[in-house]
Amino acid sequence: MTVTEAPNVSSAIETSDKVASHLHPTPSYDLADHPVPTGREEIWRFTPLKRLGGILEGEASDARLTWKTELPEGVTLREISAEEARGLGEMKPADRPSALAVANAGGAMLLDVPAELELAEPIVVTLHGSTPEDLVWGHLVVRVGNHAKAAVVLEHTGAARYAATTSFLIGDGAQVTAVTIQDWDDDAVHLGRDAIRVGRDASVRHSAISFGGLVRLNTEVVYDGPGGEAELLGLYFADAGQHLEHRLFVDHNAPKTRSNVDYKGALQGQGAHAVWIGDVLIRKAAEGIETYESNRNLVLTDGCRADSVPNLEIETGEIEGAGHASTTGRFDDQQLFYLQSRGIAEDEARRLVVHGFFADIIRKIGVPALEERLLATVEAELEKNVGANPSSVVTA
Amino acid sequence: MTTIDQRNPELEGIGRYEFGWADADTAGATAKRGLSEDVVRDISSRKDEPQWMLDLRMKGLKLFGRKPMPTWGAELGGIDFDNIKYFVRSTEKQATSWEDLPEDIKNTYDRLGIPEAEKQRLVAGVAAQYESEVVYHKIREDLEEQGVLFLDTDTALKEHPEIFQEYFGTVIPVGDNKFAALNTAVWSGGSFIYVPKGVHVDIPLQAYFRINTENMGQFERTLIIVDEDAYVHYVEGCTAPIYSSDSLHSAVVEIIVKKGGRCRYTTIQNWSNNVYNLVTKRATCEAGATMEWVDGNIGSKVTMKYPAVYLMGEHAKGETLSIAFAGEGQHQDAGAKMVHAAPNTSSSIISKSVARGGGRTSYRGLIQVNEGAEHSQSIVKCDALLVDQISRSDTYPYVDVREDDVSMAHEATVSKVSDDQLFYLMSRGMEEDEAMAMIVRGFVEPIAKELPMEYALELNRLIELQMEGAVG
């Protein structure tokens, strides 16, 4: 008896870079490879295309965000050409907004942390948009040299129609904390992509924090060698009518690499929509890796929608472990009951529960200066709904 | 590092599939290939169907042509719709005793052990479908007296047109997906079950599907109606011979469970490795009703099957237990879908899969909680076991929650057979493949124990066959 030949499976166990999967478009600088989406594509089907303010049409524009930063000694920020950015080894664009951003930005900003420099304080860059009329293309490269140690915070405020690609090139053995905060006005649109290249034995902790605006953020991770570690954290708070979409793609392309994804979000108000897509691919070469993904959504009111898709594609059995978890639900009534039984009023108890839900992510971000502020922002968001008195802010 | 299979090439193909024989095939040899309006008209007129059914078939054909092939799942490029035989009549009339069947068909079922099971009263009714039509049908007399209907779908259309027209196509509309449209156009055979109010069918009803002709397309259509507070357990099994070119099995199963009713549907799909198995299965549950899918996918080249439960009434409950094995050349793309459309509904999905020898298993599922379905609960657990380094396992769990007062949890793990476990068992004197099979059996045990006894035994045996040659 023979077993029939099977082209479908032989193609699935190939060893080349390409993996049979409907989840990942082939990265390319060529705009022709990233046609205008119809909304039926796997990577676009959760996004409200009509509300993107025409960004995807790709008009040229000279508008810029206002940059503000204080650079520590040794760190430089300068403009380079798009070709130079390519030469540094940035990852190719994986979707239309990032391809457009590279094509239209007319060069990139390079934030350069030289090798072996250890920074005590975070580099905080604020990017401010003045009006949603402005169409802004952004192309950034953050390079951290071998064995350096740095924290970079990109904070987005104001309003704009902003499409940007940011590459984080992490040298061997470097330790990097990267934070991107989207605290836009309600009428802003932000289509972002953070592409992270993790050097051999390097570790990176990336946090995406989204409160305001329409946000669609792709975070991608690849490894330049064995032993790299990536921790991807996220925190989002979607209000009425707001769309917050976080997409992750961790490509375990090297052995003994690790990734850990932990995203938490809350939703409140009619039409609040949170989307979380967590793709993890474990290639055949990636033996001995470990990965875990978690997404937790707290739905605070009626009329919200939370989509949560932790996709896992595994091509080798020689791994330490792989798993994911996703939960969506309301308050834990038991926690609420416990607090109330201790004499805490219901409103206050609810706020405490939400506070506790976010506090552990906020503490993990690794930039102490941000902690307090983020907790206060969460409180402010909560008051819009739960409406307890602001004087009883809980301290961490 | 060499893989286990590479080290032991002689183990390849040993005792892998034992239902692979083929009977002489006179009916199939003369059957027409390809799909056209004439083929559809011909099927309908041979069955002497009412006009509304022909119209529906035509609509299905049109929608089939219009809908694109799904690209998000398994590789389906190997299906040649023009080469498939859409209707093969193997015998002129349905038999009422096994002896009346043509010799070779009877032998086939003897070898599969079906008449034996019936004799021993392990089942309450049997339907055997060979090619496009049901060739044997029997139900226990006492059930018949209580008004239980267990017929093949073609006969049901003739004898009970009123019930039929009321429910047919209501759970899965003609244009639901490309393959449901194809099934609507060319359906033939399948089971029709009606369980009246309050009747408990305590022993399973069983159907057995066999494809014999090469390049055959089997398109059975099953419709099950469980009336208020009634219960039925339906079991189906599937096999086919091994040919070098592919066959297609594309069934549609519609189930309606009324208030307080309960239906359990067990499938052990063991098609040969040249069958594309693309099946649409869906149930609707009224208030307090329960639907349970027990879905075993062991055979076939490609399976795409996501049994669904639409929880339409309060306190309705849906459950899916899914188990998949993918060996060399196989892709099992299975999963489940639960739609919570009413308050206080609950669902659970438990999926276990094992991939070996370069096979690929995918779990693909959707949990949707609609607005208004408050206090709904859902839990999804997927575990995958990879036995070697060349196999692949994917998990694509979609969750869409539109209501605040719900609890939804999803968890997945993927693991390899741990060296510790193997070492322990071998230190107790077990051979490696024996130890491996035991670990795999332990892994699927929570699902195996939900199967009827003889199927659980069958499953265990299949695991052993699958695992044979997996280790050296």
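Note that the coordinates shown come from a computational prediction; the quantities given were computed from them, not determined experimentally.

Parameters and conventions
Residues numbered from 1 in each chain as written. Chains lettered and ligands numbered in written order. Predicted model: local features only at pLDDT ≥ 70, side-chain atom pairs only at ≥ 80, totals over all residues. Helix = DSSP H or I, 4+ residues; strand = E, 2+ residues; numbered from the N terminus. Expected span 1.5 Å × (residues − 1). Buried ≥ 20, exposed ≤ 12 C-beta atoms within 10 Å, placed from the backbone. Contact = placed C-beta atoms within 7 Å. Pairing = 2+ DSSP bridges. UniProt positions renumbered as here; feature names shortened; annotations may be inferred. pLDDT = per-residue confidence, 0-100. Core = buried A, V, L, I, M, F, W, Y, C linked by C-beta atoms within 7 Å. Axes fitted to C-alpha atoms, helices over the stretch in contact; angles between N-to-C directions. Parallel < 35°, antiparallel > 145°, perpendicular 65-115°, else oblique. Left-handed = near helix turned anticlockwise from the far one by under 90°. Nonpolar A, V, L, I, M, F, W, Y, C, P; charged D, E, K, R; others polar.

Q: So what about helix α4 (residues 51–66) of chain B? Which residues, and what values?
A: Residue and element names in this part refer to chain B. Given a rise of 1.5 Å per residue, 16 residues ought to cover 22 Å, and the 23 Å separating the end C-alpha atoms of α4 matches this to within 8%. Within α4, the full set of buried residues consists of L56, R57, G60, L61, L63 and F64. Looking at the buried side of α4, the elements it contacts are α3 (37–46) and α10 (178–186).

Q: Give a description of the interface of chain A and chain B that names residues and reports values.
A: Contacts between chain A and chain B engage 43 residues on the former and 52 residues on the latter. Those elements giving two or more residues to the side of chain A that touches chain B turn out to be α1 (7–12), β15 (305–314) and β16 (321–329) of chain A. Counting residues per element, the side of chain A that touches chain B draws most heavily on β15 of chain A, which supplies 10 residues. Pairing between β15 of chain A and strand β21 (residues 392–401) of chain B: six bridges, direction antiparallel. Across the sheet, the residue bridging to I314 of chain A is S393 of chain B, located in β21 of chain B.

Q: Give a description of helix α3 (residues 96–104) of chain A that names residues and reports values.
A: All names here are of chain A. Counting buried positions over the nine residues of α3 gives eight, a clear majority of the element. Check the buried side of α3 and you find it contacts α2 (82–87), β4 (123–144), β5 (149–170) and β7 (189–198). Immediately downstream of α3, the backbone of G106 shows phi near 65°, a positive value.

Q: Any chance you could break down the environment of Q335 of chain A for me, citing the residues and the numbers?
A: Residues and elements named next belong to chain A. If you trace the backbone, Q335 turns up in helix α4 (residues 333–341). Q335 gets classed as partly exposed once you count the C-beta atoms within 10 Å, which come to 15. Once the C-alpha coordinates of Q335 and A148 are considered, the two residues, 187 residues apart in sequence, prove to be 43 Å apart.

Q: Before we move on, can you summarise the UniProt feature "domain: SUF system FeS cluster assembly SufBD core" (unreviewed entry) in chain B with the specific residues and values?
A: Under the local residue numbering, the UniProt record ascribes the feature "domain: SUF system FeS cluster assembly SufBD core" (unreviewed entry) to residues 209–443 of chain B. Each end of residues 209–443 of chain B is marked by a C-alpha atom, and these two atoms are 28 Å apart; helix forms 9% of the span and strand 57%.

Q: Before we move on, can you summarise the confidence of the model for chain A with the specific residues and values?
A: Residues and elements named next belong to chain A. Across chain A, the average pLDDT comes to 88, with 92% of residues at or above 70. Predicted confidence for residues 1–16 stays below pLDDT 50, and this span has 39 contacts to residues more than four positions away or in other chains. pLDDT under 50 marks residues 387–396. Its contacts with residues more than four places away, or in other chains, come to 12 contacts.

Q: Please give an account of the pairing of strand β2 (residues 133–139) of chain B that cites residues and values.
A: The pairing of strand β1 (residues 125–130) of chain B with β2 of chain B spans six bridges and is antiparallel. Paired with Y130 of chain B across the two strands is E133 of chain B, which belongs to β2 of chain B.

Q: Let's hear about the nonpolar core: which residues, and what values?
A: Across soluble globular proteins, you tend to see nonpolar side chains buried next to one another. With 238 residues, the main nonpolar core has I170 of chain A together with A128, I193 and I255 of chain B as its most contacted residues. For this core, the element with the highest residue contribution is β5 of chain A, accounting for 13 residues. Ignoring anything within four residues of it in the chain, the contact list for A128 of chain B reads Y109, I114, V134, V135, Y136 and Y208 of chain B.

Q: Break down the UniProt feature "domain: SUF system FeS cluster assembly SufBD N-terminal" (unreviewed entry) in chain B for me, with residues and values.
A: UniProt tags residues 141–206 of chain B as "domain: SUF system FeS cluster assembly SufBD N-terminal" (unreviewed entry). For residues 141–206 of chain B, the helix share is 42%, the strand share is 17%, and the end-to-end C-alpha distance is 15 Å.

Q: Describe unusual backbone geometry, listing the residues and the values that go with them.
A: Residue and element names in this part refer to chain B. Look at D229: it is not a glycine, yet its phi comes out positive at around 55°. Turning to its location among the elements, D229 is positioned in the loop between β7 (221–226) and β8 (231–239). A residue is classified by how many C-beta atoms lie within 10 Å of it, and D229, with 17 of them, is partly exposed. The backbone of H375 sits at a positive phi, close to 60°, despite the residue not being glycine. Tracing the sequence through the fold places H375 in the loop between β19 (360–369) and β20 (376–386).

Q: Any details on the packing of helix α11 (residues 419–427) of chain B against helix α12 (residues 432–448) of chain B? Residues and values, ideally.
A: Residues and elements named next belong to chain B. The geometry of α11 relative to α12 is characterised by a closest axis approach of 9 Å and an angle of 125° between their N-to-C directions. Between α11 and α12, the angle falls in the class oblique. Judged by the twist between their axes, the crossing of α11 over α12 is right-handed. Of the residues in α12, those touching α11 at Q421, L422, L425 and M426 are E432, A435, M436, M438 and I439. Taken together, the residues that form the contact of α11 with α12 break down as seven nonpolar, one polar and one charged.

Q: Could you give an account of the packing of α3 of chain B against α4 of chain B, naming the residues involved and the relevant values?
A: Residues and elements named next belong to chain B. Between α3 and α4, whose axes approach to 10 Å, the crossing angle comes to 155°. Here α3 lies roughly antiparallel to α4, going by the angle between them. Considering only the axes of α3 and α4, their crossing is right-handed. Contacts between α3 and α4 involve E37, V40 and S44 from the first element and M53, L54, R57, M58 and L61 from the second. When its residues are assigned to classes, the contact of α3 with α4 shows five nonpolar, one polar and two charged.

Q: So what's going on with the pairing of strand β11 (residues 243–252) of chain A? Which residues, and what values?
A: Residues and elements named next belong to chain A. Of all 10 residues that make up β11, 10 are buried, and the element is covered over most of its length. Summarising the sheet, strand β9 (residues 214–223) and β11 pair through eight bridges and their orientation is parallel. By the bridge assignment, R216 is partnered in β11 with E245. Looking at chain direction, β11 and strand β13 (residues 273–282) are connected through 10 bridges and run parallel. Counted as the bridge partner of L244 is A274 from β13.

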